[in-house]
Amino acid sequence: MEFEVTASRKRPQSLVELSGQDFVVATLKNSIENNRIAHAYLFSGPRGVGKTSSARILARSLNCERGASITPCGVCSNCKEIARGNSMDVIEIDGASNTGVNDIREIKDEVLFGPGSSRYKIYIIDEVHMLSNSAFNALLKTIEEPPPYIIFIFATTEIHKVPATIRSRCQQFNFRLVEVSEIKRLLAAVCDEIAVKFDEDALFWIAREATGSVRDAYTLFDQIVSFSDGHITLDKIREKLGLIGMDQLNNLITLLVEEKTEESMDLLDTILSGGVSVEQFIIDLAEYLRNVLFIFHGVKKESLLGYTADRFSSIVFELLNSRQIEWALEEVIKLFRDIRYSLNPRFELELLVSRLSSIRYHIDPKALLEELGRMKDQLENSSSVHIHPPQDEAKKKIKTA
Ligand SMILES: [Zn+2]
């Protein structure tokens with residue numbers, strides 16, 4: 001069988017297959033089932049969460065020859081044509097390359113003619129925020145009083161750039177980033193389908209790396225499957241993609257907590273010699289510290305950490321406090337920000353590791369002041385602590401004597 005990338009193989013074919021957008025699905029389902037079809041829809045949200053796919057699905061739902069339905073048949077000629085992108089009645093326009101008023105004027109003229117072989121003539125305008133002001137104005141007149149057979153579906157990643165006059169005339173749907181646990185569930189389902197074994201933490205890693213986009217998750221997944229030899233593990237991912245292993249990070253942080261600067265520098269060299277880039281080292285270290293901080297604050301959700309909490313070096317929690325981790329994380333992030341201006345990124349990273357080896361002695365000014373305040377209170381409250389009476393009181397005693 002010919003290999004088809006997972007992202008296109010798993011592209012949702014009906015609204016019920018759309019993942020992680022429950023509100024969108026429920027509302028569209030309602031309006032289709034109750035035959036309350038709007039004439040303009042506006043899909044907004046981050047890239048890769050299914051806006052354009054949903055627009056095509058909605059078009060199919062509305063134009064399926066077997067009647068408007070949230071589960072279009074997928075086999076009638078309308079369904080097939082829309083899927084192939086060559087339906088005469090579903091016109092897709094890329095807002096980014098058709099920004100001018102003339103492009104929109106063309107639409108204005110076209111909408112006067114009804115659909116060819118379908119119920120509706122549907123315009124899908126992607127990246128609609130890219131349209132010029134005059135184009136928006138031209139569009140406004142059309143969506144204010146559209147012929148009954150016209151439907152607009154706008155999609156945008158930048159809703160704030162769409163004029164309020166347009167927004168207010170559309171039924172708006174805000175697409176969300178898909179949750180890590182949901183993406184992981186989808187990946188696990190694909191693994192079952194293609195008979196590939198997986199470790200939980202490996203799938204969680206892919207899911208988190210996708211930052212809310214199912215499409216990105218599938219793309220990364222395909223790459224990882226190709227070198228995983230039938231079993232996806234975090235070790236293979238780390239090795240092939242040049243990331244630092246969890247064990248190495250645990251070792252490093254343990255050495256730092258134990259002030260073993262020399263061994264820390266050695267380990268850093270070993271990791272970099274193993275093919276991990278300076279940038280990747282910083283990213284992985286930042287992520288590790290971020291997770292430790294979460295655990296300090298009691299957050300142990302695996303979908304957020306990507307690991308179970310017990311995989312992190314326990315010595316960190318015994319010997320450090322959350323403020324010290326905050327400081328370390330801040331230093332690492334600062335370096336990440338500055339590294340692109342650096343003449344020698346590696347030196348800077350070595351300096352950072354050297355500094356982090358004194359993490360146990362790091363105390364922030366606020367904590368220091370609080371501690372001093374506590375000591376002062378203690379001194380004032382218990383006179384027995386006074387070995388020598390303070391000057392003022394000594395003077396008083398002399399006076400009364
Ligand atoms: Zn159909």
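Residues numbered from 1 in each chain as written. Predicted model: local features only at pLDDT ≥ 70, side-chain atom pairs only at ≥ 80, totals over all residues. Heavy atoms only, no water.

### Overview of the domain arrangement of the chain
Step number 1: What the domain assignment lists for the chain is domain 1 (6-174), domain 2 (180-241), domain 3 (246-361) and domain 4 (365-400).
Step number 2: Using only C-alpha atoms to locate each centre, domain 2 and domain 3 end up separated by 25 Å.
Step number 3: Taken together, the two surfaces of domain 2 and domain 3 that pack against each other cover about 790 Å², and 42% of this comes from carbon and sulfur.
Step number 4: When the buried area of domain 2 at its contact with domain 3 is split by residue, Phe204, Arg208 and Arg238 rank highest and sum to 65% of it. (Domains from an automatic or database assignment. Buried area = accessible area lost by both parts, 1.4 Å probe.)

### Some points on the layout of surface pockets
Step number 1: Size it by volume and the largest pocket reaches roughly 600 Å³.
Step number 2: Lining the largest pocket are 26 residues, and of these Arg11, Pro12, Gly50, Ser53 and Arg215 sit closest to its centre.
Step number 3: When residues of the lining of the largest pocket are traced back to their parent elements, those giving at least two are α3 (51-63), β4 (150-156), α8 (180-193) and α10 (214-228).
Step number 4: In terms of residue class, the lining of the largest pocket is made up of ten nonpolar, seven polar and nine charged.
Step number 5: A domain-level breakdown of the lining of the largest pocket finds at least three residues from each of domain 1 (6-174) and domain 2 (180-241).
Step number 6: In this model, the second largest pocket occupies a volume close to 370 Å³.
Step number 7: Lining the second largest pocket we find 17 residues, and of these Arg208, Glu209, Glu287, Arg290 and Leu304 sit closest to its centre.
Step number 8: Of all the elements in the fold, those that place two or more residues in the lining of the second largest pocket are α8, α9 (200-209), α14 (278-296) and α15 (302-305).
Step number 9: For the lining of the second largest pocket, the element with the most residues is α14, which contributes five residues. (1 Å grid on protein atoms, 1.4 Å probe; cavity = no way out; pocket = protein on both sides within 12 Å on 5 of 7 lines; lining within 4 Å. Points joined across faces, edges and corners; volume = space filled by probe spheres on them. Helix = DSSP H or I, 4+ residues; strand = E, 2+ residues; numbered from the N terminus. Nonpolar A, V, L, I, M, F, W, Y, C, P; charged D, E, K, R; others polar.)

### Some words on the coordination of the zinc ion
Step number 1: Every protein donor of the zinc ion is accounted for by Cys64 (SG), Cys73 (SG), Cys76 (SG) and Cys79 (SG), and the metal-donor separations fall at 2.3 Å.
Step number 2: Taken together, the four donor atoms surrounding the zinc ion define angles of 101 to 121° at the centre, an arrangement classified as tetrahedral.
Step number 3: For the zinc ion, all donor residues lie on one chain, and their spacing in sequence is C-x8-C-x2-C-x2-C. Of this pair, Cys64 sits in the loop between α3 and α4 (77-84) while Cys76 is found in the loop between α3 and α4, placing the two residues twelve residues apart along the sequence. (Donors = N, O, S within 2.8 Å, 3.2 Å for Na, K, Ca; no water. Tetrahedral: all angles 85-135°; square planar, octahedral: opposite > 155°, others 65-115°.)

### As for the sheet that holds strand β1 (residues 40-44)
Step number 1: Spatial ordering of the open sheet is given by β2-β3-β4-β1-β5, a layout of five strands whose pairing is parallel. The open sheet has two free edges, formed respectively by β2 (90-94) and β5 (171-174), since each of these has just one partner strand. Strand-to-strand twist across the sheet, computed as the mean angle between neighbouring axes with direction ignored, equals 15°.
Step number 2: Its contacts with the sheet place helix α2 (residues 22-33) against β1 and β5, and it is angled at close to 150° to β5. (Pairing = 2+ DSSP bridges. Axes fitted to C-alpha atoms, helices over the stretch in contact; angles between N-to-C directions. Contact = heavy atoms within 4.5 Å.)

### Considerations on empty space enclosed by the protein
Step number 1: This model, assessed by the stated rule, comprises one cavity of 30 Å³ or more.
Step number 2: There is about 50 Å³ of room inside the largest cavity.
Step number 3: Elements with a contribution of two residues or more to the lining of the largest cavity: α12 (246-257) and α14.
Step number 4: Of all the elements, α14 adds the most residues to the lining of the largest cavity, at four residues.

### Observations regarding the environment of Asp310
Step number 1: Assignment of secondary structure puts Asp310 in the loop between α15 and α16 (314-319).
Step number 2: Placed ten residues apart in sequence, Asp310 and Lys300 show a C-alpha to C-alpha distance of 9.5 Å.

### What to know about α8
Step number 1: Under the 1.5 Å per step criterion, the end-to-end length of α8 is 20 Å for 14 residues, consistent within 8% with the ideal 20 Å.
Step number 2: Listed in full, the buried residues belonging to α8 are Glu182, Ile183, Lys184, Leu186, Leu187, Ala188, Val190 and Cys191.
Step number 3: Of the surrounding secondary structure, the elements contacted by the buried residues of α8 are α1 (6-9), β6 (197-198), α9, α10 and β7 (231-232).
Step number 4: Positive backbone phi, approximately 55°, marks Ala195, located one or two places after α8. (Expected span 1.5 Å × (residues − 1). Buried < 20%, exposed > 50% of the residue type's maximum accessible area, 1.4 Å probe, protein only.)

### Let's talk about the packing of helix α17 (residues 322-338) against helix α18 (residues 345-356)
Step number 1: As a packed pair, α17 and α18 sit with axes 11 Å apart at the nearest point and diverge in direction by 175°. It follows that α17 is roughly antiparallel to α18 by the angle criterion. Packed against α17, whose contacting residues are Trp327, Ala328, Glu331, Val332 and Leu335, the element α18 presents Glu348, Leu349, Leu352, Arg355 and Leu356 at the interface.
Step number 2: Looking at side-chain class alone, the contact of α17 with α18 contains seven nonpolar, no polar and three charged residues. (Parallel < 35°, antiparallel > 145°, perpendicular 65-115°, else oblique.)

### Describing the pairing of β1
Step number 1: Along β1, five of the five residues are buried, which leaves the element largely enclosed by surrounding structure.
Step number 2: Residues Ala40, Leu42 and Ser44 of β1 are buried on one face, and the alternating residues Tyr41 and Phe43, pointing to the opposite face, are buried as well.
Step number 3: Strand direction decides the pairing type here: β1 and β4, joined by five bridges, are parallel. Residue pairing for β4: Leu42 is matched across the bridge by Phe154.

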